[in-house]
Amino acid sequence: MQNHIEDLLSAYMDHELTEDERQQVEDHLESCPHCTAMLNELMDIQNQVVTAFHSIQAQEGLEDQVINAVGVDASKQRNWLLVPLLTVLCFITIALVAAGSLLFKFVSVGFRVLYYLVIALGSILGSNPYTIAGLIGFSILLIVVSSISLNHLFKTKSI
Ligand SMILES: [Zn+2]
């Protein structure tokens, strides 16, 4: 049983073999009708592909057809406005996402600080009833001020 060289035929056709490999293929082809037939077949296919490739030509008016199919009319000015409009929308979206995550981080850090502050103040002032009343009043004031400032923040951030 002969070792056929089918794997090398494609590379042989494309002149991608080394000198030794090329010699090996040519020697084999001289004595093997099977591989010679295979080579002829591959060459036929390659010729067909090349012919088909060269016969492909853009038909008349194809550009206009594509443009019409996509629905873009170059003569209309509003399409030129579409690009900056989309860019601005993208920037607004990115800005909102960035502001949102920043705000979330800020709020979560604020809550953590407030939590430790309450624990620390609670242990210090727990013994004195008058300071607790003062603290409650101060807390209410703080809540009102922070809600006003948060409200203001949301109003300026929202578009
Ligand atoms: Zn062979």
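Here the structure is a predicted model, which is why all the values come from computation and not from measurement. All residue numbers refer to position in the chain's written sequence, counted from 1. In view of the model being predicted, local features appear only for residues whose pLDDT reaches at least 70, and side-chain atom pairs are presented and counted only at 80 or more, with totals across whole chains, interfaces and linings using the full set of residues. Water and hydrogen atoms play no part in the side-chain values, which are based on all heavy atoms of the structure.

## Digging into the coordination of the zinc ion
Because no water is among the atoms considered, metal sites can look incomplete, with donors defined as N, O and S atoms within 2.8 Å of the metal, or 3.2 Å for Na, K and Ca. Binding of the zinc ion to the protein goes through His4 (ND1), His28 (NE2), Cys32 (SG) and Cys35 (SG), at separations of 1.9 to 2.3 Å. If you list the donors of the zinc ion from N- to C-terminus, the spacing comes out as H-x23-H-x3-C-x2-C.

## Thoughts on the packing of helix H2 (residues 19–31) against helix H3 (residues 33–55)
Axes here mean lines fitted to C-alpha atoms, for a helix over just the part in contact, with angles spanning 0 to 180 degrees between N-to-C directions. Helix and strand assignments follow DSSP, with helices taken as H or I runs no shorter than four residues and strands as E runs no shorter than two, numbered in order from the N terminus. One can describe the packing of H2 onto H3 by two numbers: an axis separation of 6 Å at closest approach and a directional angle of 110°. By the angle between their directions, the pair H2 and H3 is classed as roughly perpendicular. Taking contact as the criterion, the partners of His28, Leu29 and Ser31 in H2 are, on H3, Pro33, Cys35, Thr36 and Leu39. Residue composition of the contact of H2 with H3, by class: 4 nonpolar, 3 polar and no charged. Should an angle fall under 35 degrees it is taken as roughly parallel, and over 145 as roughly antiparallel, whereas 65 to 115 is taken as roughly perpendicular and any remaining angle as oblique. Two residues form a contact once any of their heavy atoms are found within 4.5 Å. Three categories are distinguished: nonpolar for Ala, Val, Leu, Ile, Met, Phe, Trp, Tyr, Cys and Pro, charged for Asp, Glu, Lys and Arg, and polar for the others, with Gly belonging to the last.

## A short note on the UniProt feature "domain: Putative zinc-finger" (unreviewed entry) in the chain
UniProt positions are given in the numbering used here, feature names are shortened, and annotations may be inferred rather than shown by experiment. Mapped onto this structure's residue numbering, the UniProt feature "domain: Putative zinc-finger" (unreviewed entry) falls at residues 5–35. End C-alpha to end C-alpha, residues 5–35 measures 7 Å, and it is 77% helix and 0% strand.

## What to know about the confidence of the model for the chain
Looking at the chain, pLDDT values average 82 and 88% of them are 70 or higher. Element-level pLDDT for the chain is lowest in helix H4 (residues 62–70), with a mean of 78, against a maximum mean of 96 in H2. For every residue, the predictor states its confidence as a pLDDT score lying anywhere from 0 to 100.

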